[in-house]
Amino acid sequence: MKLKTEEKFAFLQLAQYVAQLDGEYGPKEREVVDEYCTEMGIENIEIDVKNFVLEDILAIFSSSKSQRIVLLALMVLVHVDDKFGIYEHKIIDKIAHHFNISEQEVHLFSMWGKMGSALYEQALVFIAE
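Predicted model only: the values in this text are computed from it and were never measured.

Draft legend 1. Region of interest: the side chain of Gln-67. Its location among the elements puts Gln-67 in helix α4 (residues 64–79). According to the relative accessible area criterion, Gln-67 is buried, its value standing at 13%. Aside from chain neighbours lying at most four places away, what touches Gln-67 is Phe-61, Ser-62, Phe-99 and Ile-101.

As C-alpha cells, this is what we get:
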C-alpha cells in the first residue's frame, strides 16, 4: 500500500515477469502475486512477458523507499516455491544494481524473503479448513 498507483501496476508486471523467469509460474507464486494485488487494491491482470521491458519498469520506481519495498516483496516471491534458481538470482542482482542496493543488503533481503515465504506458508496451514 506504500507504492504510488503507477508503481503498483509496475510492480505487478515485475512480479509476474520474475515469477515466470524459470519457465514455471506455479500455484504458490500465483497465490503470492494475488495476495500482493489484494494488498495493493488492484486487479491481477496477467501481462504479456514478450512485451516486457525491465529497464522501463524499473525506472518507474523513483524513490529509495519504493525500490526497497519492491525488492523485499520480490524476495518473498522468489523464495515461496523453494526454487531460487539462476535466472531469478540474475534478475534480482540486476534489479538491485539498478536500484543501487548493495550485495550485502540483497543478501539480508533474501534471508528476510526466505523467512517471509515460510511464514506465509505457515499462515496458509493455520487458516486452512
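Draft legend 2. Broad picture of the nonpolar core. Phe-11, Leu-14, Leu-74, Ile-92 and Ile-95 are the most contacted members of the largest nonpolar core, which has 40 residues in total. At the level of secondary structure, the elements contributing two or more residues to this core comprise α1 (5–20), α2 (27–40), α3 (54–58), α4, α5 (86–98) and α6 (103–127). Filtering out sequence-adjacent residues up to four positions away, Ile-92 remains in contact with Leu-71, Leu-74, Met-75, Val-78, Phe-84 and Val-106.

Draft legend 3. View of the packing of aromatic side chains. In this structure the tally under the stated criterion is three aromatic pairs. Seen from their ring centres, Phe-61 and Phe-99 are 6.2 Å apart, and the 80 degrees between their planes marks the pair as edge-to-face. Taken together, the residues span a long stretch of sequence, with Phe-61 in the loop between α3 and α4 and Phe-99 in the loop between α5 and α6 at a distance of 38 residues. For the pair Phe-61 and Phe-99, a shared accessibility class is recorded, and that class is buried.

Draft legend 4. Spotlight on the packing of α4 against α6. Close contact between α4 and α6 brings their axes to 7 Å; oriented N to C, the two are set at 50 degrees. What the angle tells us is that α4 and α6 run oblique. Relative to α6, α4 is oriented so that their crossing is right-handed. Packed against α4, whose contacting residues are Arg-68, Leu-71, Leu-72, Met-75, Val-76 and His-79, the element α6 presents Glu-105, Val-106, Phe-109, Ser-110, Trp-112, Gly-113, Lys-114, Gly-116 and Ser-117 at the interface.

Quick notes on the rules
- Residues numbered from 1 in each chain as written.
- Predicted model: local features only at pLDDT ≥ 70, side-chain atom pairs only at ≥ 80, totals over all residues.
- Heavy atoms only, no water.
- Helix = DSSP H or I, 4+ residues; strand = E, 2+ residues; numbered from the N terminus.
- Buried < 20%, exposed > 50% of the residue type's maximum accessible area, 1.4 Å probe, protein only.
- Contact = heavy atoms within 4.5 Å.
- Core = buried A, V, L, I, M, F, W, Y, C linked by side-chain atoms within 4.5 Å.
- Phe/Tyr/Trp six-rings, centres within 6.5 Å; stacked < 30°, edge-to-face > 60°.
- Axes fitted to C-alpha atoms, helices over the stretch in contact; angles between N-to-C directions.
- Parallel < 35°, antiparallel > 145°, perpendicular 65-115°, else oblique.
- Left-handed = near helix turned anticlockwise from the far one by under 90°.

These results come straight from atomic positions and should not be treated as a statement about function.
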